[in-house]
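Each chain is listed here by its residues.
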Amino acid sequence: MADVQRTLVLLKPDALQRDLLGEILTRFERKGLKIIGLKLFQLSDEQLNVHYAHLAEKSFFADLKTFMKHTPVVGIVLEGMEAIAEVRKMIGSTNPLQADAGTVRADFSMNVSSNLVHASDSVENAAEEVKRFFKEEELFAYAKITDQYIFG
Ligand code: UDP
Ligand code: MG
């Protein structure tokens, strides 16, 4: 049985600089994913230390944090059937050169350090990441006239 899940997406500073915010958001909309939360905001050092804690020992950690703070990012919470795995499928592998054609990273990028988008990779991380970046009052549950066609 497919579960309805929520997942956290960040459109990174390179997506903003390259005018790809709409292009990427459109892909999620067309899939039928429901936008539950959406905002532009500046990431803090504290947030990045937690968000990328699994990379703290890597040589690129400092550069990654600097990059993520270049400009505000767009935070998006998406809801849909198996949304966590589906969104990861749509963004593609971390290294754009290894990502499948048709994914955001393969179609619009070539460099692992500027791969345009973040998306949660597990049920546990999705729950933590949504809470990390969105207050309860910034999330919206609402019906859409298309729900019956999208969710079955
Ligand atoms: N990253 C990098 N160099 C690397 C590996 C990762 O700059 O060799 C960056 C890249 O922007 C990536 C982020 O660190 O998206 C987080 O890495 P993770 O392994 O969590 O990949 P993701 O979940 O973003 O696919
Ligand atoms: Mg990750």
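Caption draft 1: Geometry of the site of ligand 1. All residues adjacent to ligand 1 are K12, Y52, H54, L55, F60, L64, R88, T94, R105, V112, S113 and N115. R88 is positioned such that a nitrogen or oxygen atom in its side chain is 2.8 Å from an oxygen atom of ligand 1. Contacts to ligand 1 include R105, whose side-chain N or O atom sits 3.1 Å from an oxygen atom. Out of a free accessible area of 500 Å², ligand 1 has 81% covered by protein chains. Its residues placed into classes, the shell around ligand 1 shows 5 nonpolar, 4 polar and 3 charged.

Caption draft 2: Examining the nonpolar core more closely. With 21 residues, the main nonpolar core has V9 and F28 as its most contacted residues. Going through the elements one at a time, β1 (4-11), α2 (21-31), β3 (73-81), α5 (83-91), α6 (104-108) and β4 (117-119) are the ones with two or more residues in this core. At 4 residues, α5 tops the list of elements feeding residues into this core. Setting aside residues no more than four positions away along its own chain, F28 makes contact with V9, L33, L78, V87, M90 and I91. Formed by 18 residues, the second largest nonpolar core is a distinct cluster that contains L8, I36, L43 and Y52.

Caption draft 3: Highlighting α5. When α5 is considered as a whole, its buried residues turn out to be A83, I84, E86, V87, M90 and I91. Seen from one end, α5 has its buried residues packed into an arc of 170°, which puts them on one side. Those residues of α5 hidden inside the fold are in contact with β1, α2, β3, α6, β4 and α7 (123-133). Positive phi shows up at G92, right after α5, with a value of about 90°.

Caption draft 4: The arrangement of the pairing of β3 in detail. Buried residues dominate β3, accounting for 8 of its 9 residues. Where β1 meets β3, 8 bridges bridge the pair, whose relative direction is antiparallel. What sits directly across from L10, in β3, is G75. In the sheet, strand β2 (residues 34-41) pairs with β3 via 7 bridges, with the strands oriented antiparallel. Counted as the bridge partner of G37 is V77 from β3.

Caption draft 5: Expanded view of α7. Every buried residue of α7 is listed here: A126, E129, V130 and F133. Buried residues of α7, viewed axially, fall in a sector of 100°; they line one side. Among the exposed residues of α7, those pointing more than 90 degrees away from its buried face are E124 and K131.

Caption draft 6: Looking closely at the side chain of T71. Checked against the element boundaries, T71 lands in the loop between α4 (61-68) and β3. T71 gets classed as buried once you look at its relative accessible area, which sits at 8%. Residue contacts for T71: discarding those within four places in its chain leaves P13, L16, Q17 and Q42.

Caption draft 7: Inspection of the packing of α2 against α5 at higher detail. Across the interface, α2 lies against α5 with an axial gap of 11 Å and an inter-helix angle of 135°. With respect to their mutual orientation, α2 and α5 come out oblique. Handedness of the α2/α5 crossing: right-handed. Within the contact between the two elements, α2 uses R27, F28 and K31 and α5 uses E86, V87, M90 and I91. Per-class residue counts for the contact of α2 with α5 are 4 nonpolar, no polar and 3 charged.

Calculation notes
Residues numbered from 1 in each chain as written. Chains lettered and ligands numbered in written order. Predicted model: local features only at pLDDT ≥ 70, side-chain atom pairs only at ≥ 80, totals over all residues. Heavy atoms only, no water. Near = heavy atom within 4 Å. Polar contact = N/O pair within 3.5 Å; in protein donor to acceptor, adjacent residues only side chain to side chain. Areas by Shrake-Rupley, 256 points an atom, 1.4 Å probe, with all protein chains shown as cover. Nonpolar A, V, L, I, M, F, W, Y, C, P; charged D, E, K, R; others polar. Core = buried A, V, L, I, M, F, W, Y, C linked by side-chain atoms within 4.5 Å. Buried < 20%, exposed > 50% of the residue type's maximum accessible area, 1.4 Å probe, protein only. Helix = DSSP H or I, 4+ residues; strand = E, 2+ residues; numbered from the N terminus. Contact = heavy atoms within 4.5 Å. Arc of directions from axis to C-beta. Pairing = 2+ DSSP bridges. Axes fitted to C-alpha atoms, helices over the stretch in contact; angles between N-to-C directions. Parallel < 35°, antiparallel > 145°, perpendicular 65-115°, else oblique. Left-handed = near helix turned anticlockwise from the far one by under 90°.

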